[in-house]
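Descriptive analysis of the structure
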Amino acid sequence: MDKQKIVILGAGFAGLSLAKNLDEKLFDIVLIDKLNHHQFQPLFYQVAAAQLEPSSISFPIRNIFRNKKHISVKMGTVLHINTESRLVQTETEAISYDKLVIATGCKTNFFNNAQIEQHALTLKSTTEAIQVRNHLLTIFETLSSQLHLADDPRNNIVIVGGGPTGVELAGAFSEIIKRVLPEEYPQLDPAKMRVILVEGSANTLNNMSELAKQASQSYLKSMGVEIITQTFVKSYDGLDAILSSGEKLTTKTLIWAAGVSGNILPGLNPDAYLPNARYKVDRYNTILNHDDIYAIGDISYMETSSYPKGHPQVANVAINQASNLAKNLKRMVHKKPINAYEYLDLGSMATIGKNKAVVDLPFMRFKGFVAWLVWMFLHLMLILSVRNKLIILIHWSWAYFSSDSSLRLIFKGKTKKEN
Ligand SMILES: Cc1cc2nc3c(=O)[nH]c(=O)nc-3n(C[C@H](O)[C@H](O)[C@H](O)COP(=O)(O)OP(=O)(O)OC[C@H]3O[C@@H](n4cnc5c(N)ncnc54)[C@H](O)[C@@H]3O)c2cc1C
């Protein structure tokens with residue numbers, strides 16, 4: 001039997017997991033990503049807060065599959081899909097497929113606000129996490145070279161979006177201000193620095209349990225973070241952020257963590273996309289009206305009776321959809337019935353700071369030190385290589401006992417977003 005050629009677009013959680021799970025006796029795989037590495041997005045905030053090195057959460061894709069002769073890795077940005085001739089077009093070549101799987105994930109959504117897009121910092125790639133780190137450390141450096149005034153706009157760090165990313169960033173930044181500034185930037189007065197978290201809904205961690213919502217707010221407040229809820233940022237010109245309440249926050253740092261939209265690709269039928277830039281898929285991840293094209297992970301939108309508004313855009317869904325599709329593709333070759341995808345939600349969690357985390361499991365909810373240990377353990381388990389697990393464990397242990405990460409390095413060329 002001839003092997004089928006499966007082309008996978010994107011080596012995030014979904015694409016990587018699919019490539020690993022597909023049967024090598026039945027399929028030849030081409031895995032294309034615009035980057036040469038897989039990024040572990042849940043720990044971007046630790047890179048931004050100088051708690052982890054970028055390399056410890058980045059994994060070269062070729063290295064992951066170096067002993068897999070049936071997987072061909074290509075670095076390239078996919079520009080277009082030609083469904084008639086069954087070709088994927090990158091900047092350099094056209095690649096044919098028997099079956100195509102789109103796993104291109106999401107990008108930051110600025111909700112058509114070009115001004116905010118121009119001036120805000122974001123956290124959707126390792127590069128952007130490094131930009132945030134550079135920006136913040138440069139602010140500390142420039143502030144400490146002169147008299148530290150209370151009304152300096154560089155004192156204010158505004159984070160927009162009170163989901164896990166915003167909450168984790170706010171907690172990490174407030175720890176830097178409390179623990180690092182007095183030791184390493186003695187010219188700065190930590191009391192003059194403000195971390196402000198702006199959230200549109202009534203609560204931080206609004207998709208989690210009541211316990212998680214309440215605990216995250218009280219942890220953040222105890223760490224000195226100012227929380228503004230039920231408020232949107234309407235504009236930001238690089239200095240003034242205007243809120244829906246009319247309030248103005250003057251700041252040189254606004255980090256936008258308020259939403260994502262899908263990295264959809266041109267070439268499919270117009271009815272394959274939804275207004276939220278996700279591909280509409282059936283219970284087998286097949287894209288509407290495209291029999292041999294599938295979408296998995298963040299880019300897919302599947303309605304089920306348990307999830308009538310689609311699944312949450314989290315790593316677990318991406319990994320599980322990939323694993324179900326790998327099994328189904330094999331079953332199709334063997335002409336066996338295929339299985340509808342059903343998400344088994346094993347829970348969600350967020351960490352706010354040292355010894356402070358919240359965990360929602362299907363059968364229990366808890367917070368504090370034990371939650372923090374669980375958060376660390378599960379994230380370590382998800383990290384790809386043993387080497388990186390060890391590096392991260394060493395960093396975390398060192399930081400825990402010394403209350404310091406000592407990774408505060410500025411590596412930068414000039415960009416529009418940096419000071
Ligand atoms: C800051 C942050 C924190 C998060 N924290 C958590 C968490 O704690 N727990 C959790 O479960 N989830 C978390 N998530 C969400 C989680 O990371 C996503 O749900 C998950 O990455 C989705 O996997 P995916 O494979 O669908 O997409 P991604 O992992 O985003 O992968 C998409 C891949 O496609 C590639 N790509 C995109 N466009 C193209 C193109 N045109 N051509 C070629 N390649 C392309 C990208 O380079 C990328 O490698 C977080 C996300 C962010 C941004």
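This is a predicted model, so every value here is computed, not measured.

1. As for the sheet that holds strand β12 (residues 194-198)
What the four strands build is an open sheet, ordered β13-β12-β11-β17; its pairing is parallel. Two strands lie at the open edges of the sheet, namely β13 (226-228) and β17 (253-256), each paired on one side alone. Strand-to-strand twist across the sheet, computed as the mean angle between neighbouring axes with direction ignored, equals 20°. Packed onto the sheet, helix α6 (residues 164-184) meets β11 (156-160), β12 and β17 and runs at close to 170° relative to β12.

2. What about the sheet that holds strand β9 (residues 99-102)?
Strand-to-strand pairing in sheets goes through backbone hydrogen bonds, with the strands running parallel or antiparallel. Taken in spatial order, the five strands of this open sheet run β5-β2-β1-β9-β20, and their pairing is parallel. Strand pairing shows two members of the sheet lacking a second neighbour, β5 (71-75) and β20 (293-295), which therefore form its edges. Adjacent strand axes in the sheet meet at a mean angle of 20° when their direction is disregarded. Pairing of strand β2 (residues 27-33) with β5 involves five bridges; the strand directions are parallel. Each bridged residue has a counterpart across the sheet, and for aspartate 33 the counterpart in β5 is methionine 75.

3. What to know about the domain arrangement of the protein chain
For the protein chain, the domain assignment lists domain 1 (4-34 + 76-108 + 260-333) and domain 2 (114-258). Its C-alpha centre places domain 1 at a distance of 35 Å from the equivalent point of domain 2.

4. Here's the deal with the site of the ligand
Close contacts around the ligand come from 33 residues, with Gly10, Gly12, Gly105, Gly297 and Val314 the closest. Across the shell around the ligand, the residue classes break down as 17 nonpolar, 12 polar and four charged. Taken domain by domain, the shell around the ligand gets at least three of its residues from each of domain 1 (4-34 + 76-108 + 260-333) and domain 2 (114-258).

What counts, and at which threshold
Residues numbered from 1 in each chain as written. Predicted model: local features only at pLDDT ≥ 70, side-chain atom pairs only at ≥ 80, totals over all residues. Pairing = 2+ DSSP bridges. Helix = DSSP H or I, 4+ residues; strand = E, 2+ residues; numbered from the N terminus. Axes fitted to C-alpha atoms, helices over the stretch in contact; angles between N-to-C directions. Contact = placed C-beta atoms within 7 Å. Domains from an automatic or database assignment. Near = placed C-beta within 6 Å. Nonpolar A, V, L, I, M, F, W, Y, C, P; charged D, E, K, R; others polar.

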